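What follows is each chain in one-letter form.
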Amino acid sequence: MTILLETIEGSDPGLRKALAEAALPVEDLEEEGRSFFRAIGGDGKTLGYTGIEHCDDSVLLRSVVVLPEYRGRGFAKALVGETLKQAPETAAVFLATTTAAPLFERMGFVPVNRSSVPAAILSTRQLSGICPASATIMKRSRPPT
């Protein structure tokens, strides 16, 4: 499965639309320290979007969305794998989710207690106010396979 990531701005209308339609946060897309990508398939069509937020020695995986017409085909796993190549190899990778914990568990993430999450991650707008306190925080325990 070939997926190419194209760097885009947080203001990209396709990103904003896809996230809003998937009920994912859009409030802080244009703030500093974030990198966003358009996932393009081998046929040149947009498959989805993703992003990472740099937080000291860690990164927050965020804004992972596969467009509805491409869901259920394994693109999310490929998209996450390609996105993580954009993070420093030594970075701890975290994410917050309210609905997709089982999906991310299959990709090598495990739920973690807030008390074990670095302050730089907890202080992001995602975790300090945008995501509900009930969101599951997960950490990558192994690379996607």
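Look above for the structure.
First, a word on what this report is: a plain description of the structure on this page.

### Considering the pattern of salt bridges
Point 1. Counted under the stated rule, the structure contains 11 salt bridges.
Point 2. Here R16 ties to E30 by a salt bridge, and the two come within 3.2 Å at their closest N and O atoms. Of this pair, R16 sits in helix α1 (residues 13-21) while E30 sits in the loop between α1 and β2 (34-41); the two residues are 14 residues apart in sequence, bridging distant segments of the chain.
Point 3. Exposure remark for E30: the relative accessible area of 57% places this residue in the exposed category.
Point 4. Overlapping salt bridges, with partners in common, bring together D28, E31, R34, E53, R62 and R125 in one network.

### Digging into α1
Point 1. For α1, the set of buried residues is L15, A18 and L19. Projected down its long axis, α1 shows its buried positions confined to an angular sector of 95°, all on one face. Exposed residues pointing more than 90 degrees away from the buried face of α1 are listed as P13, K17, A20 and E21.
Point 2. Looking at the buried positions of α1, the neighbouring elements they touch are β1 (3-8), β2, β3 (46-55) and β4 (58-66).
Point 3. The N-terminus of α1 is capped by D12, whose side-chain oxygen sits 2.9 Å from the backbone nitrogen of G14.
Point 4. One or two positions beyond α1, positive phi appears at A23, with a value near 60°.

### Details of helix α2 (residues 75-84)
Point 1. By the criterion of burial, α2 is predominantly enclosed, with seven of the 10 residues buried.
Point 2. Listing the buried residues of α2 in full gives F75, A76, L79, V80, G81, T83 and L84.

### As for unusual backbone geometry
Point 1. Here the phi dihedral of A23 falls at roughly 60°; this positive angle occurs in a residue that is not glycine.
Point 2. Note that A23 resides in the loop between α1 and β2.
Point 3. Taking the relative accessible area as the measure of exposure, A23 reaches 69% and is therefore exposed.
Point 4. In this structure, S63 is a non-glycine residue whose phi angle is positive, near 60°.
Point 5. With respect to the helices and strands, the residue S63 is situated in strand β4.

### So, the environment of V110
Point 1. Tracing the sequence through the fold places V110 in strand β6 (residues 109-111).
Point 2. You can call V110 partly exposed: its relative accessible area is 36%.
Point 3. For the pair V110 and K139, spaced 29 residues apart in the sequence, the C-alpha separation amounts to 5.5 Å.
Point 4. Residues within four places of V110 in sequence aside, it is in contact with I137, M138, K139 and S141.

### Concerning the environment of L95
Point 1. By secondary structure assignment, the location of L95 is in strand β5 (residues 92-97).
Point 2. Given the relative accessible area of 2%, L95 is considered buried.
Point 3. Sequence spacing of L95 and D43 is 52 residues, and the spatial spacing of their C-alpha atoms is 29 Å.
Point 4. When near neighbours in sequence (up to four residues on either side) are disregarded, L95 contacts L60, L61, F104, F109, T136, I137 and M138.

### Re the nonpolar core
Point 1. L15, Y49, L61, V80, F104 and F109 are the most contacted members of the largest nonpolar core, which totals 34 residues.
Point 2. Residues contacting Y49, with those up to four places away along its chain left out, are I8, D12, G14, L15, A18, F37, R38, S63, V64, V65, L67 and L79.
Point 3. Membership of the second largest hydrophobic core comes to eight residues, among which are C55, L60, F94 and A120.

Definitions and cut-offs
Residues numbered from 1 in each chain as written. Predicted model: local features only at pLDDT ≥ 70, side-chain atom pairs only at ≥ 80, totals over all residues. Heavy atoms only, no water. Salt bridge = Lys/Arg side-chain N within 4 Å of Asp/Glu carboxyl O. Helix = DSSP H or I, 4+ residues; strand = E, 2+ residues; numbered from the N terminus. Buried < 20%, exposed > 50% of the residue type's maximum accessible area, 1.4 Å probe, protein only. Arc of directions from axis to C-beta. Contact = heavy atoms within 4.5 Å. Polar contact = N/O pair within 3.5 Å; in protein donor to acceptor, adjacent residues only side chain to side chain. Core = buried A, V, L, I, M, F, W, Y, C linked by side-chain atoms within 4.5 Å.

Bear in mind that shape data such as this cannot, by itself, settle questions of function.
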